Amino acid sequence: MTRAAAQNATPASSEPRNPFGFATPGLEQHPAVTIPDAMRRCRWIAVDLNAGSFGLFFVNPSAERAHPVPCFDADYPRITNFTKFVSGESCEELTRRARVSTLPCWWSSDEGSASAANFSALSWATRIAPVGPEGSGIAFPAYAERGQCGLVIFTGNEIRLSPEQLPGIHARCFALFSAVARMQTEDSGKHPSISKRELECLKLTANGLTSEEIACRLKLSVHTANQYLTNTTQKLNAVNRMHAVAKGLRLGLIE
Amino acid sequence: MEIDSGHPEPPNCMAMTSLAVENSSFETTAAKPATRGDLTAFLMEQTDAVGADAYMLVAVVHDQDHSDARIIASNWIYDAIQLAGQKLIATLAQSSFAASPGGMPRAIVTASAPSLEGIGGEDIKLLDVLGHSEIYALKLFVGRQRLFLLFSAASIARIDLAALIQAQFQCCYGLSRMSEVLGAAVMQDPLSDRERECLFWVSEGKTTDEVAVILGVSSNTVNSYITHAIRKFSASNRAMAVATAIRSGII
């Protein structure tokens, strides 16, 4: 509700772009409600870049899982060959980079293509070894509030992107990714409602307090505090307290 | 990076609206910060580009009950930082006024004494007297690491919004490149790879024995990795170490 109010307060949200080629952020922040909706928005960015294909991937934060997880691509609800390649082969360089660096990366197996010429003029983008069967492409890392990490990838040999456009396009990728990430968080929010008191106990656990200390702080008996924590753990479908704390933080139930 | 020749023209907020100036500022700032000195020069360049007077780059560290700002670089005068205090700075950085990349930055006008989460308007009003009349808070992502950048000006409506969005990405890029060069210097990831791995599995609900099997080491080793991680975060137990690591985006 507060988000909607904030958007109404932004007067510029009626026009799609400002003179710098940025999407007006107020507009882009309208939460995309469905994956097809998000895909359409991604297609607009692809059209502005003159890219042939596109895809949005999630990158697991832990180094354990090296593959980007596809969310959607240009062929949604089916998947393109490129997506199969990225999620099948180990795209380690892309995922490793996305975890530690916000710099866009590009690749090209065809030096003479228009994309390669445009990409090499981008001083902030890094060149990496060719990814997948497609000739050229550029990957924008994006991050969302709850620590989610992802990649928005555009491929094609005729991509037009100037250094001045780069932040604007990247900003739209960020907005798109955070909308998709929010959607996923809401999807996984199907656990039964957790009471305010239970959340309070979980938050104090995350702050390093023991059950005894929580009981003392909240003026409860130790048994009640433990009961609250057990309930929360079950409701979050977690196996123990550490897991419950991690899930609570990742879902944004606690700060 | 030549710091002296960095500014061929004085920062001119009137000219900021022309695309030509936008382009040229993009070229000069494409220099790659490689040391702490370069970082200061780089941030000053961004400050000039948006028409601000002061910058402050902070990481927010969560403690038991409150969050503290860890200042990485700043040109605020020391007294201002002392008077404002870390808590106020952390609140400013994390308030609903702070813009994520791709969002619309909103100004905090200190003279109007807006009441932010947990901080009274009077404390914020103090900043107006200290020359921070208008403050913009930007969230930066350097990989998964989240940092906050405050730009402030002594008079209202001097900071250029479009340039601010440019600067936000320039800083994300610049700091990413810097963290590649400087390694862990600006990052607050004190853990070794092994410790991070152990802590991740603990956060997934695995017990010590299970982690030992997953990583193929003995459970004593796992315990010692986790103890080290707890100590490095100065946490009081595993749950807090897990929470700290997730909050700072390490796992």
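Everything here concerns the structure above.
Residues numbered from 1 in each chain as written. Chains lettered and ligands numbered in written order. Predicted model: local features only at pLDDT ≥ 70, side-chain atom pairs only at ≥ 80, totals over all residues. Heavy atoms only, no water.

**Student:** So what exactly am I meant to see when it comes to the packing of aromatic side chains here?
**Tutor:** How two aromatic rings sit relative to each other is given by the distance of their centres and the angle of their planes. Scanning all chains against the criterion turns up 11 aromatic pairs over all chains. Each ring, one from Trp124 of chain A and one from Phe42 of chain B, has its centre 6.4 Å from the other, and the planes form 70 degrees; the classification is edge-to-face. Of this pair, Trp124 of chain A sits in the loop between α6 (114-120) and β4 (126-127) while Phe42 of chain B sits in helix α2 (residues 36-50), which puts the two residues in different chains. The pair formed by Trp124 of chain A and Phe42 of chain B is uniform in burial state, with each residue classed as buried. Seen from their ring centres, Trp124 of chain A and Tyr173 of chain B are 5.8 Å apart, and the 40 degrees between their planes marks the pair as tilted. One end of the pair, Trp124 of chain A, is in the loop between α6 and β4; the other, Tyr173 of chain B, is in helix α5 (residues 161-182), on a second chain. For the pair shown, Trp124 of chain A and Tyr173 of chain B are each scored as buried. Here the aromatic residues Trp124, Tyr143 and Phe174 of chain A together with Phe42, Phe141, Phe169 and Tyr173 of chain B are joined through ring pairs into a cluster of three or more. Stacked on the ring of Phe97 of chain B, the Lys or Arg Arg106 of chain B has its end atom at 4.6 Å from the ring centre. (Phe/Tyr/Trp six-rings, centres within 6.5 Å; stacked < 30°, edge-to-face > 60°. Helix = DSSP H or I, 4+ residues; strand = E, 2+ residues; numbered from the N terminus. Buried < 20%, exposed > 50% of the residue type's maximum accessible area, 1.4 Å probe, protein only. Lys NZ or Arg CZ within 6 Å of the ring centre and 35° of its normal.)

**Student:** Help me understand the pairing of strand β5 (residues 145-153) of chain B, please; the structure alone is not making it clear to me.
**Tutor:** It is a general feature of regular strands that their side chains alternate between the two faces of the sheet. Residue and element names in this part refer to chain B. Taking burial as the measure, the nine residues of β5 include eight buried ones, the bulk of the element. With nine bridges joining them, strand β4 (residues 134-142) and β5 adopt antiparallel strand pairing. By the bridge assignment, Ala137 is partnered in β5 with Leu150. Between the antiparallel neighbours β4 and β5 lie two residues, among them Gly143 with a positive phi of about 60 degrees. (Pairing = 2+ DSSP bridges.)

**Student:** Would you mind going over the nonpolar core with me for this structure?
**Tutor:** Nonpolar side chains in soluble globular proteins tend to end up buried together. Residues Phe72 and Phe154 of chain A together with Phe151 of chain B are the most contacted members of the largest nonpolar core, which totals 84 residues. Judged by nonpolar contacts, the second largest core, of 43 residues, contains Ala225 and Leu229 of chain A together with Ile230 and Ile250 of chain B. (Core = buried A, V, L, I, M, F, W, Y, C linked by side-chain atoms within 4.5 Å.)

**Student:** Help me understand the side chain of Thr233 of chain A in this model?
**Tutor:** All names here are of chain A. Along the chain, Thr233 turns up in helix α10 (residues 222-235). Relative accessible area serves as the criterion here: at 10%, Thr233 is assigned to the buried category. Residue contacts for Thr233: discarding those within four places in its chain leaves Ala238, Val239, Asn240 and Ala244. (Contact = heavy atoms within 4.5 Å.)

**Student:** Mind showing me how you'd approach the environment of Phe177 of chain A here?
**Tutor:** All names here are of chain A. By the secondary structure assignment, Phe177 is in helix α7 (residues 166-187). Exposure remark for Phe177: the relative accessible area of 0% places this residue in the buried category. Residues Phe177 and Arg217, spaced 40 residues apart in sequence, show a C-alpha to C-alpha distance of 39 Å. Leave out the neighbours within four places in its chain, and Phe177 touches Leu56, Phe57, Phe58, Ala142, Tyr143, Ala144, Gln148, Cys149 and Gly150.

**Student:** What is the right way to read the state of the cysteines from this model?
**Tutor:** By definition, a disulfide is the covalent link that joins the sulfur atoms of two cysteine residues. Tallied over the full model, the rule gives zero disulfides over all chains. Cysteine Cys201 of chain A remains unbridged, with the sulfur of Cys216 of chain A as its closest cysteine sulfur at 13 Å. Free cysteine: Cys172 of chain B, not disulfide-bonded; nearest cysteine sulfur from Cys171 of chain B at 7.3 Å. (Disulfide = S-S within 2.5 Å.)

**Student:** Got a minute to help me understand the sheet that holds strand β2 (residues 69-73) of chain A in this structure?
**Tutor:** Within a sheet, adjacent strands bond to each other through the backbone by hydrogen bonds, running parallel or antiparallel. Residues and elements named next belong to chain A. Spatial ordering of the open sheet is given by β2-β1-β6-β5-β3-β4, a layout of six strands whose pairing is mixed. Sheet topology places β2 and β4 at the edges, where each strand pairs with a single neighbour. Strand direction decides the pairing type here: strand β5 (residues 136-143) and strand β6 (residues 149-155), joined by seven bridges, are antiparallel. Each residue of the ladder has a partner; that of Gly137, found in β6, is Thr155. Against the sheet, helix α3 (residues 35-49) makes contact with β1 (53-59), β2 and β6, and its axis sits at roughly 75 degrees relative to β2, the strand it touches most. Running over the sheet, helix α4 (residues 81-88) touches β1, β2, β3 (105-108) and β6 and is turned about 165 degrees from β2. (Axes fitted to C-alpha atoms, helices over the stretch in contact; angles between N-to-C directions.)

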